[in-house]
Amino acid sequence: MAGMDANTTEVHQREAFAFSNKQAKHLLTELLQYEGINGAILLSTCNRTELYLSTAEHCQIAADALLQEYALFPVENPVIQVREEEEAALHLMEVACGIHSRILHEEQIVTQIGESAAFARACHTTDAMLDTLFRIAVSAGKYALTHISVAAVPLSVSYQAIQCLEKSCDNLSGKKCVVIGNGKMGRLVAELLVQKHCEVYVTLRTYHHGETIIPFGTRPIPYEARYAYIDGADIVCSATRSPHFTITAEQFSLLHKKPRWILDLALPRDVEPACVEEGVTLYNIDHFEKRHPETAEAIQQLYQTAKQYAQEFQMWRNYRDSMPYIQQVKRLTAQRLLHSTVLGPYREEKQLEELVCLVSEKTVDMLLDGMKSAVAPDLLQACCEKIGARARALPK
């Protein structure tokens, strides 16, 4: 795994790795052309970009170099963290449990992990290893959300942004708000503002395809007319996947009455930083983080949950890697029993041979099923060697 998140990098660096769906598909399909890469999944959110690779044994692919090669624009000395094997699996479980999110224990990351795996499957770039890893990570995240309570912590950046606004302006009731973007985050912000009794306008693009959902209590406006509504608004929130600024400094400077607060909840950023001027407060996604000292016990529970699910994945992986040796144990066990003196003159009969093989297989399966946590390829290989050595020592 190679990646970066909001805890280790600034937003201007993460922007270079904020791939659109089209760019992500190109990246993933290109990576599968490299010799030794069996699968690839890209986890890309507003707070992180992480590339997970499944590679052949002894593959020397440098995941961080690959990620940097596909950056949308050059970045000087990007902080890309690399994790391998068990460390990478544990990290994904921690991410799924919301430990590394800017908003501790936030719920959206579980959905994003599931969607990233589904996207890779649609691109035909995942394999059994990554598919199982991400499936278990989703289970870990769901368990954490269901069984671990983190008091006083908002569930998403959207909630935190609204709380931040309330602290800044005391009362949101009656404020005129313009929300640019009708995606999941934009709709959630709009719904929360409506709940605060704001006058909310939401932009819609004229070329938008598919189902259009307009949050209840809001007023839809054309995206192209956004500046007319921003002029005189109290609050503007932009949360789109646009590769370009939705609010430029040039157009912003022409407004007669500029908004007091601007929320930029997008990556790449929607609002040109030069829009900041006296009387205007701009918040981006890096401003929102909520950690409370009283959540220490819950955080420890989240780490423990992540560890348990990482161990579950490792058990699955060990069992999968052990299958060739398991088959060998079954075969050697049957051979040794067939050549033992216990069977005497009956061991040449075909029906008896089939019965011995069946009994050996079932016995080995029952034994290993009760000790899955201890099954490992190296241990089974040693077991095969001992059984084989003893079988060779038996009289012919």
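What comes next concerns the included structure. (Residues numbered from 1 in each chain as written. Predicted model: local features only at pLDDT ≥ 70, side-chain atom pairs only at ≥ 80, totals over all residues. Heavy atoms only, no water.)

Spatially, four strands are ordered E2-E3-E1-E4 in an open sheet, and the strand pairing comes out antiparallel. Both edges of this open sheet fall to strand E2 (37–44) and strand E4 (81–82), since each of them pairs with a single strand only. Summarising the sheet, E2 and strand E3 (residues 48–55) pair through seven bridges and their orientation is antiparallel. Along E3, the bridge assignment pairs Gly39 with Ser54. (Pairing = 2+ DSSP bridges. Helix = DSSP H or I, 4+ residues; strand = E, 2+ residues; numbered from the N terminus.)

What follows concerns the side chain of Asp127. Within the secondary structure, Asp127 sits in the loop between helix H5 (108–122) and helix H6 (128–147). Judged by relative accessible area, which is 18%, Asp127 ranks as buried. At a separation of 2.7 Å, a polar atom in the side chain of Asp127 contacts the side chain of Ser54. A distance of 3.0 Å separates a polar atom in the side chain of Asp127 from the backbone nitrogen of Leu130. Not counting residues up to four positions away in its chain, the partners in contact with Asp127 are Asn38, Gly39 and Ser54. (Buried < 20%, exposed > 50% of the residue type's maximum accessible area, 1.4 Å probe, protein only. Polar contact = N/O pair within 3.5 Å; in protein donor to acceptor, adjacent residues only side chain to side chain. Contact = heavy atoms within 4.5 Å.)

For the rest of this paragraph, the subject is the packing of aromatic side chains. With the rule as written, the count across this model stands at four aromatic pairs. Relative to Tyr309, the ring of Tyr143 lies with its centre 6.1 Å away and its plane at 50°, an arrangement referred to as tilted. Of this pair, Tyr143 sits in helix H6 while Tyr309 is found in helix H11 (residues 296–338), placing the two residues 166 residues apart along the sequence. Taking the centre distance of 5.2 Å and the plane angle of 45° together, the rings of Tyr201 and Tyr229 count as tilted. Taken together, the positions of Tyr201 in strand E6 (residues 199–204) and Tyr229 in helix H9 (residues 226–230) put the pair 28 residues apart, joining distant regions of the chain. In this structure Tyr201 comes out as buried when scored by relative accessible area, which is 9%. Take Tyr229: its relative accessible area is 27%, and that puts it in the partly exposed class. In this arrangement the basic side chain of Arg226 is found over the ring face of Tyr223, its NZ or CZ atom lying 4.0 Å from the centre. (Phe/Tyr/Trp six-rings, centres within 6.5 Å; stacked < 30°, edge-to-face > 60°. Lys NZ or Arg CZ within 6 Å of the ring centre and 35° of its normal.)

Bringing the environment of Phe252 into the picture now. Take Phe252: it is sitting in helix H10 (residues 249–253). For Phe252, the contacting residues outside a window of four places in its chain are Tyr227, Ile247, Lys258, Pro259, Ile262, Cys275, Glu277 and Val280.

Right, let's get into the sheet that holds strand E9 (residues 261–264). Each strand in a sheet pairs with its neighbour through backbone hydrogen bonds, running either in the same direction (parallel) or in the opposite one (antiparallel). Spatially, E7-E6-E5-E8-E9-E10 is the arrangement adopted by the six strands of the open sheet, whose pairing is parallel. Taken across any chain shown, the strands that pair with only one partner, and hence form the sheet edges, are strand E7 (219–222) and strand E10 (281–284). The sheet shows a mean angle of 20° between the axes of neighbouring strands, direction not considered. Two strands pair when backbone bridges link them, and strand E8 (residues 235–238) and E9 are joined in this way by four bridges, in the parallel orientation. (Axes fitted to C-alpha atoms, helices over the stretch in contact; angles between N-to-C directions.)

Within this structure, the stated rule accounts for 10 salt bridges. A salt bridge links Asp5 to Arg48, with the shortest nitrogen-to-oxygen separation between them at 3.5 Å. Note that Asp5 is positioned in strand E1 (residues 2–5) and Arg48 in strand E3, a separation of 43 residues in sequence. You can call Asp5 buried: its relative accessible area is 5%. On the accessibility criterion, Arg48 (2% relative accessible area) is buried. The residue Asp286 makes a salt bridge to Arg14 at a minimum N-O spacing of 2.7 Å. Remark: Arg14 occurs in helix H1 (residues 11–14) and Asp286 occurs in the loop between E10 and H11; sequence separation between them is 272 residues. Of the two residues, Asp286 and Arg14, neither departs from the other in class, the shared state being buried. (Salt bridge = Lys/Arg side-chain N within 4 Å of Asp/Glu carboxyl O.)

Omega for the bond connecting Leu267 with Pro268 falls within 30 degrees of zero, at 0°, which places this linkage in the cis form. Tracing the chain through its elements places Pro268 in the loop between E9 and E10. Here His58, not a glycine, exhibits a phi torsion of approximately 70°, which is positive. Here His58 lies in the loop between E3 and helix H3 (63–69). Taking relative accessible area as the criterion, His58 reaches 65% and is therefore assigned exposed. Although it is not a glycine, Glu85 adopts a positive phi angle of roughly 50°. With respect to the helices, strands and loops of the structure, Glu85 is situated in helix H4 (residues 85–96).

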